[in-house]
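Commentary on secondary and tertiary structure
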Amino acid sequence: MSVLNVSSVLLLLFFYLFPAISAAAAHHPAPRQYTTSSLNVGNGTTLAYLDSGAPSSRTYTTIFAIHGMGFQSPVWEKVLDLAPAYNTRFVAINRRDYNGSTPYTAGDLNVLQNGTVSEQTAFFQQRGEEIATFIELFIKQNGLPAPSADGKTGGVALLGWSLGNAFGVSTIANIQTYATSTQQTLAKYLRGLVLQEPPSVSLGLPLPPQSWSPQIDTSIPAADRQPGFVQWITAYFQHGDLSTRDVNVLEYVLPSITHVPSVFSFTTDQLAGVTNLAAASGGDTFIVGYNQAALLPTYRKALFNKTVRAALPLLNVLEFTGDITANFGIVALWQIQDDDAAAGGGFVKTEILKGTNHFVHWDQPALALSTYLSVFD
Ligand SMILES: *[C@@H]1O[C@H](CO)[C@@H](O)[C@H](O)[C@H]1NC(C)=O
Ligand SMILES: *[C@@H]1O[C@H](CO)[C@@H](O)[C@H](O)[C@H]1NC(C)=O
Ligand SMILES: *[C@@H]1O[C@H](CO)[C@@H](O)[C@H](O)[C@H]1NC(C)=O
Ligand SMILES: *[C@@H]1O[C@H](CO)[C@@H](O)[C@H](O)[C@H]1NC(C)=O
């Protein structure tokens, strides 16, 4: 599935159905301030990233972000632009298979589709090690400010968004398997893990039977499933009373007409840069389909294992979802709350962010950034 196909579908929508929106979208975007680079994290693996750069103060904090399925690092371009004004450095990493980062090997893909649970667990350990190594190298090469003595400034956080949370929890869960210098650097600097709308599958948790997505509906022509996902996932959804914590009050299929889906505020160039649907259809599709048994213990270990949490003494964990977002963000928040309670409580703060969807970092970037930073509170 090529990005071109999505672009042409959207062009049609922009120019024939929504002339007012297309006029606004055709406006040339302001030049961006962030830089594009890449880091060699060992074993012949490179990870590309966007970096908002060092703010002028020496007390800033840094957030390392891991994107979701089909959408890559420029999806945070508005947050990258805002970060310096928030005394924050924002670094958005492209995962393996996405633009500028090393593709998976045929062996990796085979493990994701056909591997045993222990092979798949090892796959996520390696991806966690790559991200941990990235963070360590980035801290050292850029001389990032360490946490202050009062613990209120400096240091770093790791942010997973959507399917990126599989990789965020893998980074934390496997801390004790990394090189000593990596363990020590993360123990000293890592003050936060943020889980932004993880779908249940990214954590190995079960989905309600009503779950639906254009990606999995085989009545939709195969070529339309990923572009259909782009339009659906960027929409808003009107749910019933969330205080019931009842999965039956959620809207699983139909977008609401109360808010314009985020996709309509991307220019065609922005959408082409932000999406990589070939990558979504590769390893990520296997991760969603076949890796639950490896991801469930990885997630539980990252959040609720006392030995792991003790190895990262400064770490706060925040999980949040929108209230008018696709159903899965809300389902997972309830599941994580239940797991936290079952583990004794207090391992993770959770929040339902009012008036937001899965793309709060695009539609309301200041709110997204201040929510990320609240992990340090
Ligand atoms: C998984 O195994 C099947 C059957 O051997 C094979 O056809 C397929 O290519 C394998 N998947 C990957 C990604 O290698
Ligand atoms: C790097 O390669 C070694 C040797 O093959 C392997 O044990 C290790 O898991 C690899 N690390 C990563 C992050 O892939
Ligand atoms: C990302 O990579 C894909 C596949 O190689 C390519 O088609 C696409 O043009 C690239 N996108 C950007 C923004 O470089
Ligand atoms: C927590 O993780 C440690 C280190 O990997 C492991 O030895 C221990 O069994 C785990 N504890 C629980 C309760 O799973």
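In the nomenclature of an unreviewed UniProt entry, the protein chain corresponds to AB hydrolase-1 domain-containing protein from the organism Dichomitus squalens.

This brings us to the overall build of the protein chain. Per the secondary structure count, the protein chain includes 16 helices and eight strands. For the protein chain, the C-alpha radius of gyration of 20 Å lies close to 21 Å, the compact-globule estimate for 377 residues. When its C-alpha atoms are laid out on the principal axes, the protein chain stretches across 55 × 45 × 45 Å. Long-range pairs, those at least 24 residues apart, make up 77% of the contacts in the protein chain between residues at least 6 apart in sequence.

On to helix α4 (residues 106–114), then. Burial in α4 covers these residues: Asp108, Val111 and Leu112. Within α4, the buried residues cover an arc of 95 degrees as seen down the axis, which keeps them to one side. Of the exposed residues in α4, those oriented more than 90 degrees away from the buried face are Ala106, Gly107 and Asn114. For α4, the secondary structure elements touched by its buried residues are α5 (117–142) and α11 (283–290).

This part takes up the sheet that holds strand β7 (residues 316–322). Across the sheet, eight strands lie side by side as β1-β2-β4-β3-β5-β6-β7-β8; this open sheet has mixed pairing. Each having just a single partner strand, β1 (35–40) and β8 (349–353) make up the two edges of the open sheet. This sheet shows a mean twist of 25 degrees between the axes of neighbouring strands, independent of strand direction. Relative to strand β4 (residues 88–93), strand β2 (residues 46–51) runs antiparallel, the two sharing three bridges. The partner of Asp51 across the bridge, within β4, is Val91.

Although it is not a glycine, Asn43 adopts a positive phi angle of roughly 55 degrees. Mapped onto the secondary structure, Asn43 falls in the loop between β1 and β2. Asn43 sits in the exposed class, given 10 other C-beta atoms within 10 Å. The backbone of Arg245 sits at a positive phi, close to 55 degrees, despite the residue not being glycine. Tracing the chain through its elements places Arg245 in the loop between α8 (222–233) and α9 (268–274). The exposure class assigned to Arg245 is exposed, which follows from the 12 C-beta atoms found within 10 Å.

So, on to the pairing of β8. Where a strand is regular, its side chains alternate between the two sheet faces. Relative to β8, β7 runs parallel, the two being bridged by five bridges. Across the sheet, the residue bridging to Phe320 is Glu351, located in β8. Between the parallel pair β7 and β8, the chain is carried across by helix α14 (residues 327–342), and the sense of this crossover is right-handed.

All right, on to the site of ligand 1 then. Residues in contact with ligand 1, as listed here, are Leu109, Asn110, Gln113 and Asn114. In the shell around ligand 1, the residues fall into one nonpolar, three polar and no charged.

What follows deals with the confidence of the model for the protein chain. Any region with low pLDDT has predicted coordinates that should not be read closely. In this model, the protein chain carries a mean pLDDT of 93, and residues with pLDDT of at least 70 account for 92%. Low confidence marks residues 1–27, where pLDDT is under 50. Its contacts with residues over four positions away, or in another chain, come to 32 contacts.

In this section: the packing of helix α6 (residues 165–173) against helix α12 (residues 292–304). Two elements in contact, α6 and α12, have axes separated by 8 Å at closest approach and are oriented at 60 degrees. Classified by the interaxial angle, the pair formed by α6 and α12 is oblique. Where α6 crosses over α12, the two elements pack in a sense that is left-handed. Contact with α6, carried on its side by Ala166, Val169, Ser170, Ile172 and Ala173, involves Leu295, Thr298, Tyr299, Lys301 and Ala302 of α12 and no other residues of that element. A per-class count over the contact of α6 with α12 returns seven nonpolar, two polar and one charged.

Another point: the nonpolar core. If you look at the biggest cluster of nonpolar residues, it comprises 100 residues, and the most contacted ones within it are Ala65 and Leu159. Broken down by element, this core gets its largest block of residues, eight residues, from α5. In this structure Ala65 touches Trp76, Phe90, Val91, Ala92, Ile93, Leu159 and Trp161, once residues within four positions along its chain are discounted.

Next up on the list: the packing of α5 against α12. Helix packing geometry: the angle between the two helix axes and the distance between the axes. The interhelical angle for the contact between α5 and α12, taken along N-to-C directions, is 55 degrees, at an axis separation of 8 Å. As far as their axial angle goes, α12 and α5 are oblique. Taken as a pair, α5 and α12 cross one another with a handedness that is right-handed. On α12, the residues that touch Val117, Gln120, Thr121 and Phe124 of α5 are Ala293, Ala294, Leu295 and Thr298.

Basis of the calculations
Residues numbered from 1 in each chain as written. Chains lettered and ligands numbered in written order. Predicted model: local features only at pLDDT ≥ 70, side-chain atom pairs only at ≥ 80, totals over all residues. Helix = DSSP H or I, 4+ residues; strand = E, 2+ residues; numbered from the N terminus. Rg over C-alpha atoms; globule rule 2.2 N^0.38 Å. Contact = placed C-beta atoms within 7 Å. Buried ≥ 20, exposed ≤ 12 C-beta atoms within 10 Å, placed from the backbone. Arc of directions from axis to C-beta. Pairing = 2+ DSSP bridges. Axes fitted to C-alpha atoms, helices over the stretch in contact; angles between N-to-C directions. Right-handed = clockwise from strand over helix to strand, strands pointing away. Near = placed C-beta within 6 Å. Nonpolar A, V, L, I, M, F, W, Y, C, P; charged D, E, K, R; others polar. pLDDT = per-residue confidence, 0-100. Parallel < 35°, antiparallel > 145°, perpendicular 65-115°, else oblique. Left-handed = near helix turned anticlockwise from the far one by under 90°. Core = buried A, V, L, I, M, F, W, Y, C linked by C-beta atoms within 7 Å.

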